[in-house]
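Chain by chain, the residues:
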Amino acid sequence: MAECTYQKTLSQLVDDVKKYTKFGRVADYIPALGEADPDALSVAIYKGNGSCIAAGCIEEKFTLQSISKVLTLALAIMDRGEEYVFSRVGMEPTGDPFNSIAKLESNSPSKPLNPMINAGALAVTNMIIGRNTNEKLERILALIHEMTSNTDIGYCNRVAHSEFETAFLNRSLCYFMKQHKVIEGDIEELLDLYTKQCAILVNCHDLSKIGYVIANEGRIPQTGKQVIPQHIVRIVNTFMVTCGMYNSSGEFAIRVGIPAKSGVSGGIMGSVPRGMGIGIYGPALDERGNSYAGMKLLESLSIKYDLSIF
Ligand SMILES: NC(=O)CC[C@H](N)C(=O)O
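Model, not experiment: these values are computed from the prediction. (Residues numbered from 1 in each chain as written. Predicted model: local features only at pLDDT ≥ 70, side-chain atom pairs only at ≥ 80, totals over all residues. Heavy atoms only, no water.)

Undergrad: Before we go on, may I ask you to explain the overall build of the protein in this structure?
TA: Each helix and strand in the protein was counted, giving 13 helices and 10 strands. What you see for the protein is a C-alpha radius of gyration of 18 Å, in line with the 19 Å of a compact globule of 310 residues. The buried share of the protein, reckoned over its 310 residues, is 57%. Contacts in the protein between residues at least 24 apart in sequence constitute 69% of all its contacts with a sequence separation of at least 6. (Helix = DSSP H or I, 4+ residues; strand = E, 2+ residues; numbered from the N terminus. Rg over C-alpha atoms; globule rule 2.2 N^0.38 Å. Buried < 20%, exposed > 50% of the residue type's maximum accessible area, 1.4 Å probe, protein only. Contact = heavy atoms within 4.5 Å.)

Laid out in structure tokens, this is it:
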């Protein structure tokens with residue numbers, strides 16, 4: 001497996017934006033996430049030809065959280081087809097926070113606006129095929145193992161458990177959607193799977209490789225194997241642009257212009273079409289739940305290397 005090499009220019013960019021970690025706060029509504037080091041900031045950029053450059057402490061592991069929504073969406077569309085998935089989840093961005101319940105009630109029919117907010121992601125996870133939670137989780141992990149060529153990736157039981165014990169809002173979203181037949185089956189089992197999928201542990205290098213496969217239209221760079229069909233990658237990529245940074249997606253598209261997905265652990269995955277995968281970790285978040293310094297770092301990268309797709 002290609003290693004990441006430390007790069008001075010990148011390290012300089014990280015040093016320049018590191019001051020922004022001070023303005024953010026580590027998420028603590030999932031108690032285990034509250035233990036993260038707010039000063040941490042690291043990045044890996046993978047270019048597919050085996051070359052990977054990095055800065056900061058890239059050995060550090062963190063959980064995918066909402067970044068996992070990109071992968072479960074791809075898997076659910078592969079499992080069920082586009083028509084089935086989008087009969088239950090919409091395609092529109094929302095100006096509301098990622099865990100908002102408001103639009104579920106005010107929209108008719110009562111389906112979540114998109115697969116990147118919690119309601120939509122829970123509905124998508126509910127569609128993944130498997131005989132039980134374990135089998136479904138193994139299928140999510142198998143996709144990640146293929147995308148990263150790293151079979152060591154697993155999930156953090158402590159973070160999953162910490163979220164499961166406190167996920168009252170996500171439970172409410174699920175029960176609401178069950179009432180409206182958007183989701184089916186046992187809600188506790190669904191939350192068990194969802195909190196485990198969110199607790200999948202990676203480092204920046206792994207994340208940059210996942211981002212690269214998406215940037216590379218679903219193909220593994222070394223073998224050319226198509227792990228996600230091209231038309232599904234196109235859908236996923238579009239959601240990253242329109243909804244990937246929650247209710248900051250519009251501003252992010254203007255300032256940065258890179259398809260990206262963030263998570264409340266402080267991870268951000270970026271996919272520069274046919275060019276590079278970017279993995280960032282900076283757990284101090286802004287008020288919308290995006291890595292404060294991570295967003296600044298992506299903005300600097302985009303400007304310096306002219307990466308905006310727009
Ligand atoms: N924005 C996020 O990363 C949210 C994911 C988290 N597991 C939740 O459901 O609250």
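Undergrad: Whenever I open this one, the side chain of His145 confuses me. Can you help?
TA: On the secondary structure map, His145 appears in helix H6 (residues 133-148). His145 gets classed as buried once you look at its relative accessible area, which sits at 18%. Sequence-distant contacts of His145, that is, excluding residues within four places in its chain, are made with Asn150, Thr151 and Ile153.

Undergrad: What is the right way to look at the pairing of strand S8 (residues 267-272) in this model?
TA: Side chains on a regular strand alternate between the two faces of the sheet. Burial analysis of S8 places 6 of its 6 residues in the buried class, which makes it a mostly covered element. What you see with S8 is no split at all: Gly267, Met269 and Ser271 on one side and Ile268, Gly270 and Val272 on the other are buried throughout. Counting the residues that bridge the hairpin from strand S7 (residues 260-262) to S8 gives 4 residues, and of these Gly266 lies at a positive phi of roughly 105°. In this sheet, strand S9 (residues 276-281) lies alongside S8 in antiparallel orientation, the contact comprising 6 bridges. When the sheet's bridge partners are listed, Gly270 is paired in S9 with Ile278. Counting the residues that bridge the hairpin from S8 to S9 gives 3 residues, and of these Arg274 lies at a positive phi of roughly 55°. (Pairing = 2+ DSSP bridges.)

Undergrad: Looking at this model, I keep getting lost on the packing of helix H7 (residues 157-166) against helix H9 (residues 187-198). Mind explaining?
TA: The interhelical angle for the contact between H7 and H9, taken along N-to-C directions, is 140°, at an axis separation of 8 Å. Between H7 and H9, the angle is such that the two are oblique. Here the hand of the crossing between H7 and H9 comes out right-handed. Taken together, the residues of H9 that come into contact with H7 (itself represented by Ala160, Glu163 and Phe164) are Glu188, Leu191, Asp192, Tyr194, Thr195, Lys196 and Cys198. Of the residues belonging to the contact of H7 with H9, the class tally is 5 nonpolar, 1 polar and 4 charged. (Axes fitted to C-alpha atoms, helices over the stretch in contact; angles between N-to-C directions. Parallel < 35°, antiparallel > 145°, perpendicular 65-115°, else oblique. Left-handed = near helix turned anticlockwise from the far one by under 90°. Nonpolar A, V, L, I, M, F, W, Y, C, P; charged D, E, K, R; others polar.)

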